Amino acid sequence: QVQLVESGGGLVQPGGSLRLSCAASGRSIFTMNAMCWHRQAPGKQRELVAVMQRGGNTNYADSVKGRFTITRDNAKNTVNLQMNSLKPDDTAVYYCNVQWIADYWGQGTQVTVSS
């Protein structure tokens, strides 16, 4: 089993930055096939924001390219999402997800971008 706990969400003004962290326990993230961040805004479907494959390749949703960066820290067993130049449209609950023999999800962390 893999347990995931997100942190780092909060309220930020437009143009600001936040760094989300997802702490994994039960297995090393280095062994995961993929590590992802998703988000779900009120009234909208959950969408994939960023993904990192085991080999380190990354992909991003068009809406966040150039602003968000996904990284992993093998020593701390965390997956992180650096979010810069935040916009009100980035407001959502952000979820960490890792893929191994099954999909594992965190409980989510709220990000609100508002002046």
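It should be emphasised that the depicted structure is a prediction, and the values quoted were computed from it without experimental measurement. (Residues numbered from 1 in each chain as written. Predicted model: local features only at pLDDT ≥ 70, side-chain atom pairs only at ≥ 80, totals over all residues. Heavy atoms only, no water.)

Draft legend 1. Spatial organisation of the state of the cysteines. Taken as a whole and judged by the stated rule, the model has one disulfide. Between the sulfur atoms of C22 and its disulfide partner C96 the distance amounts to 2.1 Å. Here C22 and C96 share a disulfide; its torsion about the S-S bond, -80 degrees, makes the bridge left-handed. Taken together, the residues C22 in strand β3 (residues 18-25) and C96 in strand β9 (residues 92-99) connect sequence positions 74 residues apart. Given the relative accessible area of 1%, C22 is considered buried. Given a relative accessible area of 0%, C96 falls into the buried group. (Disulfide = S-S within 2.5 Å. Helix = DSSP H or I, 4+ residues; strand = E, 2+ residues; numbered from the N terminus. Buried < 20%, exposed > 50% of the residue type's maximum accessible area, 1.4 Å probe, protein only.)

Draft legend 2. Examining the nonpolar core more closely. If you look at the biggest cluster of nonpolar residues, it comprises 30 residues, and the most contacted ones within it are L4, W37, F68, L81, M83 and Y94. Secondary-structure elements contributing two or more residues to this core are β3, β4 (34-40), β5 (47-53), β7 (68-73), β8 (78-83), β9 and β11 (109-113). If we ignore the near neighbours within four places in the chain, the residues touching Y94 are E6, L20, W37, H38, R39, V49, F68, L81, M83, G108, T109 and V111. (Core = buried A, V, L, I, M, F, W, Y, C linked by side-chain atoms within 4.5 Å. Contact = heavy atoms within 4.5 Å.)

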